[in-house]
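# Observations on chain architecture
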Amino acid sequence: MANPKSKTGNRKSKDLYRLLFEAASEAMLVVEAGQVAESNASALTLFGCKRKELLGQTLVAFASPDQLDDRASAEAWSEKVEAVLAGEPQQFEWLAQRLNGQTFYAEVRLQAVEMGDRTLLQVSMQDITGRKQLERQIQESLERRSRQVQTSTEVAQEIAAAPALDELFRRVVDLVQTRFDYYHAHVYTLEEENLVMQEGTGEAGRQMKKAGHQIALTTEQSLVARVARSGQPVLVPDVSQEPGWLPNPLLPETKAELALPVKLGDEILGVLDVQSDTLGGLSEEDQLLLAGLCGQIAVAIDSRRAEAERKQAEAALAKRVSELNCLNAVGREIAETPPVPELLQWVTE
């Protein structure tokens, strides 16, 4: 005869399990003979369906046709079930699908439960789409950063190879603009109390250079002048919200701007200015990247200036040596000229 207390205890255990099953925040399902036999309210919310639309269905019916490894969902699910029935609980990522056809990433835990002579599968499922999107964004950011660093290294090498200052400035703006896909780029050097534009990209840059474009260091409404005065970069993701921004009629599509000092130690040599035609198109990532490049540009400028000064000094020295050689030659000719009495005698004869 069955023990009444045992029956009561079993009933309480079942009631407790049912309570926990229904109250669980993650989707909980019971699968028997390949079909959903029971589910909690969270599962209905997850799949966007009613209980009668879920019960009796296979979970493959609520999955994307193919999984993350490009295998058919039916094949992948069968493999997981076989592993569970062999005594190996499974935890894996799954590309699931709501009743309306919307796919989402899910984390699935699968284990077997023995109920007398019946074997049930207990399935818990959680939507991890947000986490997967964040992981993808982080991965894309890391890959983008890696490409940018590689590009920055290549740009720095090409700039360093410029034979003279004019070519160096041209390479700076052209390479920065094309390799990083900016709307515009130009570079200034600090000449006493003025910032003189040495080179700029496109037709706007050509016109400004031809006009001898420059900005007084004391100009308040100028990001370039502000950077030269402070020695600190200025990033403006939205120029329409920046009172200190100076619009340029030759660059009507500018939506964001970033200006950085080109400096060697504490000495400001100039300013690199880049612009984007996309609102928020410039970020701290661009600032960090270009700040490192500006340091290498400063070294290249200093090197070319030193080289130009050396060549100028050598030319001046060569000119002085030539002048001295001329004077020496004249002196030798004078020294070899006969005395005046001898010249007179030679003439009278």
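A few points on the structure. (Residues numbered from 1 in each chain as written. Predicted model: local features only at pLDDT ≥ 70, side-chain atom pairs only at ≥ 80, totals over all residues. Heavy atoms only, no water.)

## Section: the overall build of the protein chain
Within the protein chain one finds 10 helices and 11 strands. Counting only residues that meet the buried cut, the protein chain has 36% of its 349 residues in that class. When contacts within the protein chain are restricted to residue pairs at least 6 apart in sequence, those whose partners lie at least 24 apart make up 47%. Accessible surface, the protein chain as shown: approximately 20600 Å² in total, 52% of it carbon and sulfur. (Helix = DSSP H or I, 4+ residues; strand = E, 2+ residues; numbered from the N terminus. Buried < 20%, exposed > 50% of the residue type's maximum accessible area, 1.4 Å probe, protein only. Contact = heavy atoms within 4.5 Å. Areas by Shrake-Rupley, 256 points an atom, 1.4 Å probe, with all protein chains shown as cover.)

## Some thoughts on the nonpolar core
Judged by nonpolar contacts, the single largest core of 30 residues is most densely connected at Val274 and Leu290. Elements that contribute at least two residues to this core include exactly helix H5 (129-160), helix H6 (165-179), strand S6 (184-191), strand S10 (256-264), strand S11 (267-276) and helix H9 (284-336). Sorting elements by how many residues they give to this core places H9 first, with eight residues. With near-sequence residues (within four places) excluded, Leu290 lies in contact with Val176, Phe180, Tyr182, Leu258, Leu260 and Val274. In terms of nonpolar packing, the next biggest core, distinct from the first, is built from 27 residues, Ala76, Val81, Val84 and Leu110 among them. (Core = buried A, V, L, I, M, F, W, Y, C linked by side-chain atoms within 4.5 Å.)

## Focus on the packing of aromatic side chains
According to the stated counting rule, one finds six aromatic pairs in the structure shown. Between the aromatic rings of Phe92 and Trp94, the centroid separation amounts to 5.9 Å while the plane-to-plane angle is 75°, which identifies the pairing as edge-to-face. On the basis of relative accessible area, Trp94 is assigned to the buried category, the value being 3%. Positioned over the ring face of Phe104 is Arg98, at 4.1 Å from the centre of the ring. Sitting over the ring of Tyr105, Lys132 keeps its end group 5.7 Å from the ring centre. (Phe/Tyr/Trp six-rings, centres within 6.5 Å; stacked < 30°, edge-to-face > 60°. Lys NZ or Arg CZ within 6 Å of the ring centre and 35° of its normal.)

## Details of helix H7 (residues 202-210)
Among the residues of H7, Ala204, Gly205 and Met208 are the ones counted as buried. With its buried residues spanning 95° around the axis, H7 presents them on a single face. Structurally, H7 contributes buried residues whose contacts are with S6 and strand S7 (194-200). In the segment just after H7, Gly212 is the residue with positive phi, at about 65°. (Arc of directions from axis to C-beta.)

## Re the sheet that holds S7
One open sheet holds the six strands; their spatial order is S8-S7-S6-S11-S10-S9, and the pairing between them is antiparallel. The sheet is open, and its two borders are formed by strand S8 (214-216) and strand S9 (234-236), each paired with just one other strand. Ignoring strand direction, the axes of neighbouring strands in this sheet form an average angle of 20°. Here H7 sits on the sheet in contact with S6 and S7, set at roughly 135° to S7. (Pairing = 2+ DSSP bridges. Axes fitted to C-alpha atoms, helices over the stretch in contact; angles between N-to-C directions.)

## Observations regarding the sheet that holds strand S3 (residues 90-97)
Spatially, S2-S1-S5-S4-S3 is the arrangement adopted by the five strands of the open sheet, whose pairing is antiparallel. A single partner strand is all that each edge strand has here, and the edge strands are strand S2 (35-39) and S3. The average undirected angle you get between the axes of adjacent strands in this sheet is 35°. Contacts from helix H4 (residues 73-85) reach S3, strand S4 (103-115) and strand S5 (118-127) within the one sheet, and its direction differs from that of S3 by about 155°. H5 contacts S3, S4 and S5 of the sheet and is inclined by roughly 130° relative to S4.

## Observations concerning the environment of Ala216
Along the chain, the position of Ala216 falls in strand S8. Between the C-alpha atoms of Ala216 and Leu190, which are 26 residues apart in sequence, the distance is 9.6 Å. If we ignore the near neighbours within four places in the chain, the residues touching Ala216 are Glu193, Asn194 and Ala225.

## Digging into the pairing of S6
Counting buried residues along S6, six of its eight residues qualify, which places the element largely inside the surrounding structure. Here six bridges tie S6 to S11, and the two strands are oriented antiparallel to one another. Bridge pairing in S11 links His186 to Asp273. Bridge analysis of S6 against S7 gives six bridges, and the strand direction is antiparallel. Following the sheet pairing, Tyr188 is matched in S7 by Met197.

## Topic: a nonpolar patch on the surface
Residues Leu134, Ile138 and Leu142 make up a contiguous nonpolar surface patch of about 300 Å² in total accessible area. Take Ile138: it is sitting in helix H5. (Patch = residues over 30% accessible without salt bridge, like charges linked within 9 Å, V, L, I, M, F, W, Y side chains within 5 Å. Salt bridge = Lys/Arg side-chain N within 4 Å of Asp/Glu carboxyl O.)

## As for the pattern of salt bridges
Per the counting criterion, the structure on display carries 22 salt bridges. Among the salt bridges present, the one from Glu242 reaches Arg226, with a minimum N-O distance of 3.0 Å. With Glu242 in the loop between S9 and S10 and Arg226 in helix H8 (residues 223-230), the pair connects residues that are 16 residues apart, well separated along the chain. Across the pair Glu253 and Lys255 runs a salt bridge, and its minimum N-O distance is 3.7 Å.

## Brief notes about H5
Over its 32 residues, H5 runs 46 Å from end to end, which matches the ideal 46 Å to within 8%, given 1.5 Å per residue. Among the residues of H5, Thr129, Lys132, Gln148, Thr151, Ser152, Val155, Ala156 and Ile159 are the ones counted as buried. (Expected span 1.5 Å × (residues − 1).)

## Topic: the side chain of Asp273
Here Asp273 lies in strand S11. It turns out Asp273 is buried and unbridged, and the closest side chain with the opposite charge, Arg226, is 10 Å from it. Polar side-chain contacts of Asp273 include one of 3.0 Å to the side chain of Gln275. Residues within four places of Asp273 in sequence aside, it is in contact with His184, Ala185, His186, Val224, Glu257, Leu258 and Ala259. (Lys, Arg positive; Asp, Glu negative; His and termini not counted. Polar contact = N/O pair within 3.5 Å; in protein donor to acceptor, adjacent residues only side chain to side chain.)

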